[in-house]
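# Breakdown of the fold
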Amino acid sequence: MYTTVWVTETVSKRLRRMAIVAITSVAAWTVQADEFDWSMGVYAGKYHDAEPAGALAGRANYVEHYMLAVTGSKTLWRHSEWPIAIELDGMLGQQSGLANLTEIAIAPALRWSGLPWRDTLRTDIRLAPLGLSYTSQVGPLEAGPDGRGSRTLNYLFVEAAFSRPQTKDSEFFVRLHHRCAIYDLLNNYGANGEDFLSIGFRKKF
């Protein structure tokens, strides 16, 4: 009799443990399934003469030079518990205004999704400090005092992305798009590079 009771209790405990594991696994899978690994989007921006820090501080002067770009990203890694991910972001853009030229760029980006109001308005911060940008020609805004410049420069962007918690696959964003020589590390032509304050929209899938 006691053996039967012991066996029954053991089986019951094991079944409870299996149920807890199954529920936990389903919950974890649901959370992961609610995330998206790919995205495509478009953004447009206007040139300004300050580095990203200056633009954030409101010290930028704007010039009649514009960019229209398509952008795509792929999530390379996502933490299982913390709201942090690493993505690979690429863009292809056309500049117009003072000059017509094409830019292509790629950079790894860190995405942080842990701001406290995320259940009301999901706000993600994306930062890509080191990347690679190439233009079809040296634009007049990137030429140094002697007229020389570099078509290949560092690509940096800082971005704030916004979406509703119910529709995280649709995201509006504000991006500071920056090309630079990393304080003359890549060249010493004496030019800052290019900076665009941009707004855009992306769809995740």
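Refer to the preceding data block for the structure.
Bear in mind the structure is a predicted one, so any value in this text is a computation, not a measurement.

Definitions and cut-offs
- Residues take numbers from 1 onward in each chain, read along the sequence in its written order.
- Local features in a predicted model are, by the rule used here, given only for residues with pLDDT of at least 70; side-chain atom pairs are given and counted only at 80 or more, and totals for whole chains, interfaces and linings are based on all residues.
- Side-chain calculation: all heavy atoms of the structure are included, whereas hydrogens and water are not.
- Numbering of helices and strands runs from the N terminus; a helix is a DSSP stretch of H or I covering at least four residues, while a strand is a stretch of E covering at least two.
- Only protein chains enter the accessibility calculation, which uses a 1.4 Å probe. A residue is then buried if its area is under 20% of the maximum for its type, exposed if over 50%, and partly exposed in between.
- Contacts were defined at the residue level, with two residues in contact if any of their heavy atoms lie within 4.5 Å.
- DSSP calls a pair of strands paired once it identifies at least 2 bridges connecting them.
- Here, patches come from residues exposed beyond 30% relative accessible area and free of salt bridges, joined within 9 Å for like charges and within 5 Å for nonpolar side chains (Val, Leu, Ile, Met, Phe, Trp, Tyr).
- Residue-level accessible areas treat just the shown protein chains as cover; the underlying method is Shrake-Rupley with a 1.4 Å probe.
- Salt bridge criterion: a side-chain nitrogen from Lys or Arg within 4 Å of a carboxyl oxygen from Asp or Glu.
- In summary, the pairing rule links any two rings of Phe, Tyr or Trp, Trp by its six-membered ring, whose centres are within 6.5 Å, and it sorts them by plane angle into stacked for under 30 degrees, edge-to-face for over 60 and tilted for everything else.
- Remark: a charge is flagged as sitting over a ring if the NZ atom of Lys or the CZ atom of Arg is within 6 Å of the ring centre and within 35 degrees of the ring normal.

### Re the overall build of the protein
- When helices and strands are tallied, the protein shows two helices and nine strands.
- Walking the protein from its N terminus toward its C terminus, one meets helices and strands in the order α-β-α-β-β-β-β-β-β-β-β.
- Every one of the 205 residues in the protein was classed for burial, and the buried ones make up 36%.
- Expressed as a percentage of contacts within the protein between residues at least 6 apart in sequence, the contacts between residues at least 24 apart total 61%.

### Examining the pairing of strand β3 (residues 84-96)
- Looking at chain direction, strand β2 (residues 62-78) and β3 are connected through twelve bridges and run antiparallel. Residue pairing in the sheet places leucine 68 in a bridge with glutamine 94 of β3.
- Here twelve bridges tie β3 to strand β4 (residues 101-112), and the two strands are oriented antiparallel to one another. Paired with glutamine 94 across the strands is threonine 102, a residue of β4.
- Once β3 ends, the chain turns through four residues before running back antiparallel as β4, passing glycine 97 with a positive phi of about 130°.

### Things to note about a nonpolar patch on the surface
- On the surface, a nonpolar cluster with roughly 680 Å² of combined accessible area is contributed by Leu76, Trp77, Ile86, Leu88, Ile106, Leu110, Leu127 and Leu132.
- Listing elements by their share of the nonpolar patch, those giving two or more residues are β2, β3 and β4.
- By secondary structure assignment, the location of leucine 132 is in strand β6 (residues 132-135).

### A word on the pattern of salt bridges
- Enumeration over the complete set of coordinates arrives at 19 salt bridges.
- Between arginine 126 and glutamate 87 there is a salt bridge, with its nearest N and O atoms 2.9 Å apart. Placement of arginine 126 in strand β5 (residues 122-128) and of glutamate 87 in strand β3 is noted, with a sequence separation of 39 residues between them.
- Residue classification places arginine 126 among the buried residues on the basis of a relative accessible area of 0%.
- Its relative accessible area of 5% is what places glutamate 87 among the buried residues.

### Brief notes about the environment of aspartate 119
- Mapped onto the elements, aspartate 119 comes out in the loop between β4 and β5.
- Remark: the alpha-carbon pair of aspartate 119 and glutamine 166, spanning 47 residues in sequence, is separated by 9.1 Å.

### Looking at the packing of aromatic side chains
- One pass over the full model with this rule turns up four aromatic pairs.
- Aromatic side chains tyrosine 43 and phenylalanine 173 sit 6.0 Å apart centroid to centroid with 70° between the ring planes, which places their arrangement in the edge-to-face category. Pair noted here: tyrosine 43 is in strand β1 (residues 38-48) and phenylalanine 173 is in strand β8 (residues 170-180), with a separation of 130 residues, a long-range link.
- Since its relative accessible area comes to 1%, tyrosine 43 is described here as buried.
- Taking 5.7 Å as the distance between ring centres and 50° as the angle between the ring planes, the aromatic pair formed by tyrosine 155 and phenylalanine 157 counts as tilted.
- The buried category is assigned to tyrosine 155, whose relative accessible area is 0%.
- For the cation-ring pair, arginine 175 lies above phenylalanine 157, with the distance from its terminal atom to the ring centre recorded as 4.0 Å.
- Across from the ring centre of phenylalanine 173, 4.2 Å away, lies the NZ or CZ of arginine 202, which sits over that ring.

Keep in mind that these numbers describe shape and distance, not what the molecule does.
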